[in-house]
2 protein chains.
Amino acid sequence: MTVHRSVANLRASSVACPHRADSRCEECKVRASSVCAALRSDELAELEAIAHQVSFAAKESLFLESDKARDVFNITSGVVRLYRLFRDGRRQVIGFSFPGDFLGVQLSTDHGFSADAVSDVSVCRFAKRDFEALLARKPLLMEALHGRAATIMRLMQDQVVSLGRRSAEERMAWFITQLRERTALGGAEGSVSIPMSRQDIADYLGLTIETVSRTLSALAKRGVISVEPGGVRVLKEGLIGELAAG
Amino acid sequence: MTVHRSVANLRASSVACPHRADSRCEECKVRASSVCAALRSDELAELEAIAHQVSFAAKESLFLESDKARDVFNITSGVVRLYRLFRDGRRQVIGFSFPGDFLGVQLSTDHGFSADAVSDVSVCRFAKRDFEALLARKPLLMEALHGRAATIMRLMQDQVVSLGRRSAEERMAWFITQLRERTALGGAEGSVSIPMSRQDIADYLGLTIETVSRTLSALAKRGVISVEPGGVRVLKEGLIGELAAG
DNA sequence: CGGTTACTTGAGATACGTCAAAACGAGTGG
DNA sequence: CCACTCGTTTTGACGTATCTCAAGTAACCG
């Protein structure tokens with residue numbers, strides 16, 4: 001498998017489609033605002049030259065908090081969870097990474113968190129040295145990465161706000177909304193697929209598994225969503241938005 | 001007042017002193033690992049050329065969440081609080097900025113949060129256009145800024161972990177520890193100055209003002225700290241570290 | 001199917017929030 | 001130097017959202 005495919009597969013952000021607002025325009029969605037959009041095809045070839053395609057089975061670990069950060073990853077498919085573990089077993093999920101996201105770019109010596117595969121995952125792995133060398137020669141790539149970093153910053157700010165000042169219900173609503181935006185699933189009628197377990201969600205939102213479950217049930221009872229196997233369907237768009245906004 | 005002074009005033013991070021581990025070595029502490037260390041003096045002059053010295057009285061606002069991000073700030077003295085406000089009055093403090101810290105570098109269109117002065121504050125203000133132009137010509141400056149961004153990322157991760165999975169007591173211990181490291185006050189025997197109000201601390205840690213107060217009292221009763229006007233004195237180094245680590 | 005894991009639901013406990021009042025500290029003016 | 005005010009902090013009594021512990025149900029997989 002060539003790396004070109006994986007690079008081309010970089011996920012779209014929520015930027016408007018340059019063609020038209022047709023959500024079926026897959027080619028466009030995939031390329032819009034992704035890192036590869038910053039590169040010409042000969043530059044993509046350079047990226048390709050230093051990339052290694054690797055796969056991880058669900059629950060396998062990409063790296064641990066304590067590992068030295070030697071590699072940069074670009075996720076091609078699947079979902080990754082980033083987390084920190086306490087000695088006493090408490091866990092906090094820092095974030096989830098989706099196809100197109102980069103891991104390990106920002107921090108120099110160590111990651112500061114562990115990462116493992118929620119579902120089966122395939123990634124492009126770059127040696128940090130090589131990647132940084134390329135980065136230095138490609139200011140456009142650098143800029144694109146900067147933009148991604150800004151997005152992540154924003155997400156973490158939202159998470160801080162949620163954990164600090166929002167109720168369980170508001171956190172869940174935020175989570176669903178956010179998941180919907182990031183995966184841009186476009187599945188049928190408000191359906192949002194949730195690839196991670198309740199425990200993962202709980203550890204992301206600073207709640208317990210029971211509270212997550214109860215809160216979903218409560219939202220369902222109110223008719224805001226319906227809980228389906230492997231995900232959720234949003235029934236009251238407006239209401240969930242209200243809750244998510246705090 | 002020349003800008004040169006303010007640039008030279010950039011705060012040290014916790015990097016080791018290149019001379020020797022003499023905490024009195026002020027000149028060294030000030031320059032070590034700060035952004036200006038990445039620049040030669042002729043380059044500093046270039047920074048100086050595009051900077052405007054501005055002051056804010058305590059409680060004045062540097063910018064609001066809704067403002068377009070037109071400027072980059074480098075704090076020269078004082079403390080700034082970054083926060084997001086809900087319609088219903090809830091507030092979450094995202095972070096505090098200290099002398100040497102930059103504001104507004106990362107995000108393109110808007111800041112995503114409001115910023116105002118905790119104490120009287122003076123800053124170097126740069127027009128974003130100018131600053132970015134300079135950045136493009138000074139890869140070393142860019143790199144130094146990257147390092148700072150990484151530090152902030154790490155801090156926000158710690159905050160997420162604290163808000164998500166730590167008790168009030170652990171959060172307070174973390175806050176004190178963190179404040180001590182960042183301000184590197186070196187004041188007498190474990191004394192940590194706390195320039196912000198209890199309300200600010202509460203909104204940073206996702207607690208109420210009463211819980212912050214009670215928790216401090218409890219720590220004092222246990223002899224871990226003593227509460228002094230304008231700050232706190234750490235009495236049991238080890239214990240507070242334990243708590244802070246979770 | 002039978003076993004295993006994930007999820008849901010219930011009842012009771014608790015850490016933290018809310019409301020209210022008292023103590024403290026910094027100014028101000030007599 | 002004291003008396004008064006105003007804002008901040010501390011302390012107390014009580015309420016509640018969420019956690020904990022425990023049992024039941026559904027989904028998954030050999």
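Rules used throughout
Residues numbered from 1 in each chain as written. Chains lettered and ligands numbered in written order. Predicted model: local features only at pLDDT ≥ 70, side-chain atom pairs only at ≥ 80, totals over all residues. Heavy atoms only, no water. Helix = DSSP H or I, 4+ residues; strand = E, 2+ residues; numbered from the N terminus. Buried < 20%, exposed > 50% of the residue type's maximum accessible area, 1.4 Å probe, protein only. Contact = heavy atoms within 4.5 Å. Areas by Shrake-Rupley, 256 points an atom, 1.4 Å probe, with all protein chains shown as cover. Buried area = accessible area lost by both parts, 1.4 Å probe. Salt bridge = Lys/Arg side-chain N within 4 Å of Asp/Glu carboxyl O. Polar contact = N/O pair within 3.5 Å; in protein donor to acceptor, adjacent residues only side chain to side chain. Least-squares fit on C-alpha atoms with pLDDT ≥ 70 in both. Near = heavy atom within 4 Å. Axes fitted to C-alpha atoms, helices over the stretch in contact; angles between N-to-C directions. Parallel < 35°, antiparallel > 145°, perpendicular 65-115°, else oblique. Nonpolar A, V, L, I, M, F, W, Y, C, P; charged D, E, K, R; others polar. Core = buried A, V, L, I, M, F, W, Y, C linked by side-chain atoms within 4.5 Å. Phe/Tyr/Trp six-rings, centres within 6.5 Å; stacked < 30°, edge-to-face > 60°. Lys NZ or Arg CZ within 6 Å of the ring centre and 35° of its normal. Pairing = 2+ DSSP bridges.

1. Quick notes on the overall build of chain A
From N to C terminus, chain A includes nine helices and eleven strands. Among the 246 residues that make up chain A, the fraction classed as buried is 51%. Once local pairs closer than 6 in sequence are excluded, the contacts in chain A between residues at least 24 apart make up 69%. For chain A, the accessible surface area stands at approximately 11,300 Å², while carbon and sulfur atoms represent 53% of it.

2. Considerations on the interface of chain B and chain A
Facing the 39 residues of chain B at the interface are 39 residues of chain A. Across the chain B to chain A interface the summed buried area is about 3,500 Å²; carbon plus sulfur atoms make up 58%. One can count six salt bridges joining chain B with chain A. Of the charged contacts in the structure, one is a salt bridge between Arg165 of chain A and Asp203 of chain B, with a shortest N-O distance of 2.8 Å. Run the count over chain B and chain A and you get 18 residue pairs in polar contact (both at pLDDT 80 or more). Put simply, the parts of the chain that give the side of chain B that touches chain A at least two residues each are β5 (91–97), α5 (139–165) and α7 (198–205) of chain B.

3. Comments concerning the relation of the copies chain B and chain A
Once turned by 180° and shifted 0.0 Å along the axis, chain B lies on chain A with an RMSD of 0.0 Å. The relationship between the two copies is best expressed as a two-fold rotation axis. Mapped onto chain A, 100% of the interface residues of chain B are again interface residues, and the two copies thus contact each other with one and the same surface.

4. Quick look at the protein's contact with DNA strand D
Neighbouring DNA strand D are 15 residues, the closest being Thr211 and Arg214 of chain A together with Arg198, Ser213 and Ser217 of chain B. Of all atoms in DNA strand D that approach within 4 Å of the protein, 61% are sugar or phosphate atoms. Between DNA strand D and Arg214 of chain A, the relevant distance is 2.8 Å, taken from a base oxygen to a side-chain nitrogen or oxygen of the residue. A distance of 2.8 Å separates a base nitrogen of DNA strand D from a polar side-chain atom of Arg214 of chain B.

5. A few points about the packing of helix α6 (residues 168–183) of chain B against helix α8 (residues 209–221) of chain B
Packed helix pairs are characterised by how far apart their axes lie and by the angle those axes make with each other. Residues and elements named next belong to chain B. Direction vectors running N to C along α6 and α8 enclose 80°, while the axes themselves pass 10 Å from each other. Taken together, the axes of α6 and α8 are roughly perpendicular relative to one another. Residues Ala168, Glu169, Met172 and Ile176 of α6 form the contact with α8, whose participating residues are Thr211, Val212, Thr215, Leu216 and Leu219. Residue classes in the contact of α6 with α8 are distributed as six nonpolar, two polar and one charged.

6. Observations regarding the pattern of salt bridges
Counted by the stated rule, this structure contains 34 salt bridges over all chains. A salt bridge links Arg180 of chain A to Glu237 of chain A, with the shortest nitrogen-to-oxygen separation between them at 2.5 Å. Residue Arg180 of chain A is found in helix α6 (residues 168–183), and its partner Glu237 of chain A is found in helix α9 (residues 237–245); the two are separated by 57 residues along the sequence. Given a relative accessible area of 24%, Arg180 of chain A falls into the partly exposed group. In this structure Glu237 of chain A comes out as partly exposed when scored by relative accessible area, which is 48%. Residues Glu46 of chain B and Arg137 of chain B are paired through a salt bridge, measuring 2.9 Å at the closest nitrogen-oxygen approach. In this pair, Glu46 of chain B sits in helix α3 (residues 41–50) while Arg137 of chain B sits in helix α4 (residues 128–137), placing the two residues 91 residues apart along the sequence. Judged by its relative accessible area of 49%, Arg137 of chain B is partly exposed. One salt-bridge network, in which partners are shared between bridges, spans Arg81, Arg91, Asp116, Asp200 and Asp203 of chain A together with Arg165 of chain B.

7. A short note on the nonpolar core
The nonpolar side chains of a soluble globular protein tend to be buried with one another. Counting 42 residues, the largest nonpolar core has Leu62 of chain A together with Leu62 of chain B as the members making the most contacts within it. Once residues lying within four places of it in the same chain are set aside, the contact partners of Leu62 of chain B are Phe56, Phe73, Val80, Leu103, Ala115, Asp116, Ala117 and Val123 of chain B.

8. A closer look at the packing of aromatic side chains
Residues and elements named next belong to chain B. Across all of its chains, the model carries 16 aromatic pairs over all chains by this definition. Each ring, one from Phe63 and one from Phe73, has its centre 5.8 Å from the other, and the planes form 25°; the classification is stacked. Of this pair, Phe63 sits in strand β2 (residues 61–63) while Phe73 sits in strand β3 (residues 71–77), and the two are ten residues apart along the sequence. Neither Phe63 nor Phe73 differs from the other in exposure class; each is buried. Positioned above the aromatic ring of Tyr83, the side-chain terminus of Arg91 is 5.7 Å from the ring centre.

9. Some thoughts on the sheet that holds strand β7 (residues 114–117) of chain A
Residue and element names in this part refer to chain A. Pairing within the open sheet is antiparallel, and its four strands lie in the order β2-β7-β4-β5. Both outer strands of the open sheet, β2 (61–63) and β5 (91–97), are each paired with one neighbouring strand and no more. With strand direction ignored, the average angle separating the axes of adjacent strands in the sheet is 30°. The pairing of strand β4 (residues 80–85) with β7 spans four bridges and is classified as antiparallel. For Arg81, the partnering residue across the bridge sits in β7 and is Asp116. Of the strands in this sheet, β4 and β5 are in contact with helix α7 (residues 198–205), which crosses β5 at around 105°.

10. Brief notes about the protein's contact with DNA strand C
Surrounding DNA strand C, one finds 15 residues, the nearest of these being Arg198, Arg214 and Ser217 of chain A together with Thr211 and Arg214 of chain B. Contact between DNA strand C and Glu210 of chain B: a base nitrogen at 2.9 Å from a side-chain N or O atom of the residue. Elements with a contribution of two residues or more to the surface near DNA strand C: α8 (209–221) of chain A together with α8 of chain B. A per-element tally of the surface near DNA strand C places α8 of chain A first, with four residues. For the surface near DNA strand C, the per-class residue count stands at three nonpolar, seven polar and five charged.

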